[in-house]
There are 2 protein chains.
Amino acid sequence: MENFTFYAPTYFDFGRGAESHVAERIRQFGGTKVLFHYGGGSIRTSGLYDRVKDCLDEAGIPFVELGGVKPNPRSGLVYQGIELCRKEGVDFILAVGGGSVIDSAKAIAAGSVYEGDFLDFYRKKTPIEKALPVGTILTIAAAGSEGSGNTVITDEETQKKKGAKSDVLRPRFSILNPELTCTLPPYQTAAGATDIMIHVCERYFSNTEEVEITDRLCEGILRTVIYETPRVLENPNHYEARANLMWAGMLAHNNVCGVGREQDWASHHLEHELSALYDVTHGAGLAVIAPLWMRHVLKKNPRKLVDFATRVWDVPLDEANPEATALRGIEAFEAFLKSIGMPLSFEEIGARKEDIGQMTDKLFGGRDTEGNYVKLTREDVMEIYESAVRE
Amino acid sequence: MENFTFYAPTYFDFGRGAESHVAERIRQFGGTKVLFHYGGGSIRTSGLYDRVKDCLDEAGIPFVELGGVKPNPRSGLVYQGIELCRKEGVDFILAVGGGSVIDSAKAIAAGSVYEGDFLDFYRKKTPIEKALPVGTILTIAAAGSEGSGNTVITDEETQKKKGAKSDVLRPRFSILNPELTCTLPPYQTAAGATDIMIHVCERYFSNTEEVEITDRLCEGILRTVIYETPRVLENPNHYEARANLMWAGMLAHNNVCGVGREQDWASHHLEHELSALYDVTHGAGLAVIAPLWMRHVLKKNPRKLVDFATRVWDVPLDEANPEATALRGIEAFEAFLKSIGMPLSFEEIGARKEDIGQMTDKLFGGRDTEGNYVKLTREDVMEIYESAVRE
C-alpha cells in the first residue's frame, strides 16, 4: 500500500425528502448569498426547481440563478457563472442536478476566487487552492461528483474534455434523495450505473500489490451495482434499489476505495475523446471503451482481471489457464452491459472510424503513454478504438 | 435503507513516517497550544514519544503533557485533563496511542468547553455540541476511534463503562503509520483485530432490509481482517498486512459501513460489563461474547447469520437447512478466533459465574431489553453469559 492522505469532509444528508433541508444546510456551512446552478428542464418538470426555490425564499436566503448546464459541461457557461458570482457577491454555490451541474459548479467555485482564467486549473497550469463552498442536491447516481473533489469541463475552444481536482472542491454538503432519481429514463440510469462501475475499475486495475482492503471495497461496490441496476430497470420506482445505487455512486468516486494504490484512468481518457467529439453520454461511452480496454490489456497484465472475474463475477478459477478465467469475467461484464441496454460499439453511439486518428492525437497531446495498469502507446489506443468498430 | 446523515471530516495522513507531519497537521487545524495525551510506557520505549516531542519543539508549538491513560480509560484522568486544559489555555488535544487514549482525549475535549460534569454526556443527560479539536497518532488497529465520533469512558464511581458520541468529536486529523503497530504483542494485535470485526458485526446484524451496499462493505472489511490477521501474527513486521488491518480498523467504525441501517451493539454492551469488572482487554472480551451472542440469536433470527456464513466464511448454503449453514459460519468464526489466540470462555479471561447477576443488573439499569437484531431480555443476557462458563 502506498502512503496517502484522505480527506472527504462532505456532509451527506441521505433519504426521502432530504432536499427540504437545503436552506438549513446552506446556513450550516455559512452561505448567505447563493448561486442556484442547474441544467435543463427536468428539475422544472419534476417540481424540484420550485421546491428548492420555495425553501430558499422561506428561509430568506437571497440567490441568483444560472440554468442551462448541458451534459459534458462547457467552459462558456462557467465563464458566465464566474461573472455572475463576482457581480452579485455570491458566497455559496448550490448545484441541483447530476455530475455535469456539479462539475460546472465546482469550476465556477474555483474560478470565482481566482484572478486568472479558470481553465488554467484544467490545463494543469496551477493547482486549485481555494474555492467558494459548494452544496449539491443530486438527481442521478452516476458521476460521484457529489462526494469527490473532481471536476471535468469541456474547453469549448479546443473541444477537449479536461479534468481538475482538489479537496477544496469537495462539496460542503450533498443531499441525496433516491426518490429524485426514480424519474430517470432507463438509458440514463444504466449509463449512470456504468459510470459508477468504471470509477471503481479505474482504481481496481492497479499494479500496487497488497491492497486487500481497498480491493474488497471495490468488489463490494461493483457487486452492489451488478445486483441493483437490473432491479432499478425492472422497477424504476424501486426506492431501495435506487438508494443502494446512489450510495454506491458516491463511494465509487470519493476515493475511499482508491487510496494507497496506483490508479489507471485510461478508459475515462479514451472515453472523454468520444464524448467531446460526439456528445455521447459519458457512461455509454465508457460501456464501449472499458471492456475493450480490458481485452487489450489482458495479454500484458492479467493479474487483476483474474480477480475481477473470480471475485466480482464469480467465475471459477481455471488454475491452468488464468487468462481464460479473466476472459470469462470480461465476457460476463459485456453481457451485463448489454443486458442493461448499454452500447458496446462505435456504431451504437454514432462514433466514426475515420475520427480515430484525430481522437488519438488529442488524447496524447505531447505525452508518450496513457494509463498505468498497462502503459498504452499510441498504437495501443488506436487498436482499442478500432476494436470498437464492428461495421 | 433508512434516512441518514454521514459526516466524517477527519483528515487521514496514512503511511510510513506520517507522524513526522504532526506539527504541520496541528497548524493546519488551528492548534496553537496543545495537550499531548498518551498512555503508558510503550510510546517511550518505541521512541515515538521523543519524536513527537521533537516535532512540536522544532515547530515551536507549546504543549503540556498528560500521560497515564489506562486501557478502559477512567473518568479520574479525564477530570485531570479538563483542569489542565483550562488552566493552561489549551486549544488542541493530541492523542498519541490507541483507542483508550483517543477516547480519553475526546472526553477531555468535550469536557473542557462544558460548564457541568463531563459525565453528563456519558449519562445521556446532555448531547455533546462542542469540543476542542482533537488530532491523533494511532498506535494500534482496533478501536476505530481515530475516525469515529465515539468515546467510551469508565465512570470510576460506579465502575460502569459508558459511551457517548457526536460528530464534533471526530478527530480533525489522524496519523496512521502501520510501522508503529509492528511492535504490538500478538495478543494485543489479535484483540484489536477482534474489535474491528465486532465493530462491523454490530452493524451487519440488522433487521433493516435492502442494504446491499453497506452489507458488501461490511463483508469486505471482515474478509480483509480474516485474511490479514494471521499474516500479521505470523510476521509482526509485515508492513502491508499491518497497513490493510489499520485502514480496515478505521473503516469498521467511522460508520461508512453502518449508515442507513439499524445497528445492534448488544455484544459490546455485554462485553463492557466484563471489561469494567475484570479489566479484560476489550477485544478479548468481545471474542468471548460475540460468538455466543450469535449462537443465542440464531434460533430467533437466522437471516443475517446465513449471509455471514455464506458471504464472509464461504460456507455453502444448505437451502433445506439455512440454520445449519448459519451455525457453520459461527463455528468458522470461533475457530478463527481460537487460531489467533483469543479466549472463548469466562475461565480464559478470569470472569466468574457468580458475577453474572450483578453484570446483568448493571447492564440493564432501568431498561427492559438490550440490542436490536434480537431484543434480548434479562434472561437472554444471563443465558449468553452463562454459556461462556465452561467449568
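Not measured: the values here are computed from a predicted model. (Residues numbered from 1 in each chain as written. Chains lettered and ligands numbered in written order. Predicted model: local features only at pLDDT ≥ 70, side-chain atom pairs only at ≥ 80, totals over all residues. Heavy atoms only, no water.)

(A) Inspection of the overall build of chain A at higher detail. Along chain A, the regular secondary structure elements total 16 helices and nine strands. A compact globule built from 391 residues should have a C-alpha radius of gyration of about 21 Å, and chain A, at 20 Å, falls within 12% of that. If you line up chain A on its principal axes, its C-alpha atoms span 70 × 45 × 45 Å. Counting only residues that meet the buried cut, chain A has 64% of its 391 residues in that class. Within chain A, contacts between residues separated by at least 24 positions form 77% of all contacts whose residues are at least 6 apart in sequence. Surface accessibility of chain A: about 13,900 Å² in total, with carbon and sulfur atoms responsible for 49%. The average position of the 43 basic charges and that of the 57 acidic charges among the side chains of chain A differ by 2 Å. (Helix = DSSP H or I, 4+ residues; strand = E, 2+ residues; numbered from the N terminus. Rg over C-alpha atoms; globule rule 2.2 N^0.38 Å. Buried < 20%, exposed > 50% of the residue type's maximum accessible area, 1.4 Å probe, protein only. Contact = heavy atoms within 4.5 Å. Areas by Shrake-Rupley, 256 points an atom, 1.4 Å probe, with all protein chains shown as cover. Lys, Arg positive; Asp, Glu negative; His and termini not counted. Charge placed at Lys NZ, Arg CZ, Asp CG, Glu CD.)

(B) Fine view of the interface of chain B and chain A. Each side of the interface is counted separately: chain B has 40 residues, and chain A has 40 residues. Carbon and sulfur atoms make up 59% of the surface buried where chain B meets chain A, a total of about 3,500 Å² over both sides. Three residues stand out in chain B for area buried against chain A, namely M1, E210 and I213 of chain B, and they jointly supply 17% of the buried area on that side. Our enumeration of links across chain B and chain A arrives at two salt bridges. (Buried area = accessible area lost by both parts, 1.4 Å probe. Salt bridge = Lys/Arg side-chain N within 4 Å of Asp/Glu carboxyl O.)

(C) Spotlight on the side chain of K161 of chain B. Residue and element names in this part refer to chain B. Here K161 lies in strand β8 (residues 160–165). Lacking a salt bridge, the buried K161 has E271 as its closest oppositely charged neighbour, with an N-O distance of 4.2 Å. Among the polar contacts listed, one links the side chain of K161 to the side chain of N72, at a separation of 2.7 Å. One polar contact links K161 to S275, side chain to side chain, over a distance of 2.9 Å. K161 has contacts with N72, V152, I153, T154, E271, H272, S275, A276 and H282, leaving out every residue within four places of it along the chain. (Polar contact = N/O pair within 3.5 Å; in protein donor to acceptor, adjacent residues only side chain to side chain.)

(D) Seen up close, the relation of the copies chain B and chain A. Here chain B sits on chain A after a turn of 180 degrees about the axis and a move of 0.0 Å along it, with an RMSD of 0.0 Å. Such a turn and shift between the copies fits a two-fold axis. Residue P9 of chain B of chain B places its C-alpha closer to the rotation axis than any other residue of that unit, at 1.9 Å. Residue by residue, 100% of the interface of chain B is reproduced at the interface of chain A, so both copies engage with the same surface. (Least-squares fit on C-alpha atoms with pLDDT ≥ 70 in both.)

(E) Summary view of the pairing of strand β6 (residues 134–138) of chain B. Residues and elements named next belong to chain B. Of all five residues that make up β6, five are buried, and the element is covered over most of its length. With burial as the criterion, each face of β6 is covered, one bearing V134, T136 and L138 and the other bearing G135 and I137. Direction of pairing for strand β5 (residues 92–97) relative to β6: parallel, over a ladder of five bridges. Looking across to β6, one finds that A95 is bridged to T136. Relative to strand β9 (residues 173–176), β6 runs parallel, the two being bridged by four bridges. (Pairing = 2+ DSSP bridges.)

(F) Just the pattern of salt bridges, in detail. One pass over the full model with this rule turns up 60 salt bridges over all chains. Put simply, R261 of chain B and D215 of chain B hold a salt bridge, and the shortest N to O gap is 2.8 Å. Note that R261 of chain B is positioned in the loop between α9 (239–251) and α10 (266–278) and D215 of chain B in helix α8 (residues 212–234), a separation of 46 residues in sequence. One network of salt bridges, with partners in common, ties together D117, R123, D155 and K162 of chain A.

(G) Broad picture of the packing of α10 of chain B against helix α15 (residues 356–364) of chain B. Residue and element names in this part refer to chain B. Packing of α10 against α15 leaves a shortest axis separation of 10 Å and a crossing angle of 120 degrees. On the basis of the axis angle, α10 is oblique to α15. Note that α10 runs across α15; the crossing there is right-handed. Each of H269, L270, E273, L274, A276, L277 and Y278 in α10 lies in contact with α15, whose residues at this interface are Q358, M359, K362 and L363. Looking at the contact of α10 with α15 residue by residue, the classes come out as seven nonpolar, two polar and two charged. (Axes fitted to C-alpha atoms, helices over the stretch in contact; angles between N-to-C directions. Parallel < 35°, antiparallel > 145°, perpendicular 65-115°, else oblique. Left-handed = near helix turned anticlockwise from the far one by under 90°. Nonpolar A, V, L, I, M, F, W, Y, C, P; charged D, E, K, R; others polar.)

(H) Local environment of the sheet that holds strand β4 (residues 63–66) of chain B. The sheet built from seven strands is open, its strands ordered β1(A)-β2(B)-β9(B)-β6(B)-β5(B)-β3(B)-β4(B) with mixed pairing. If you trace the sheet from one side to the other, it starts and ends with β1 (4–7) of chain A together with β4 of chain B, each paired once. In this sheet, neighbouring strand axes are inclined to one another by 15 degrees on average, regardless of whether the strands run parallel or antiparallel. As defined by bridge partners, strand β3 (residues 34–38) of chain B adjoins β5 of chain B across five bridges and the pair is classed as parallel. The residue bridging Y38 of chain B from the neighbouring strand is V96 of chain B, located in β5 of chain B. In the packing of helix α3 (residues 48–59) of chain B onto the sheet, contacts are made with β3, β4, β5 and β6 of chain B, and the angle to β4 of chain B comes to roughly 160 degrees. Where α9 of chain B meets the sheet, it contacts β1 of chain A together with β2 (11–14), β6 and β9 of chain B, and its direction lies at approximately 170 degrees from that of β2 of chain B.

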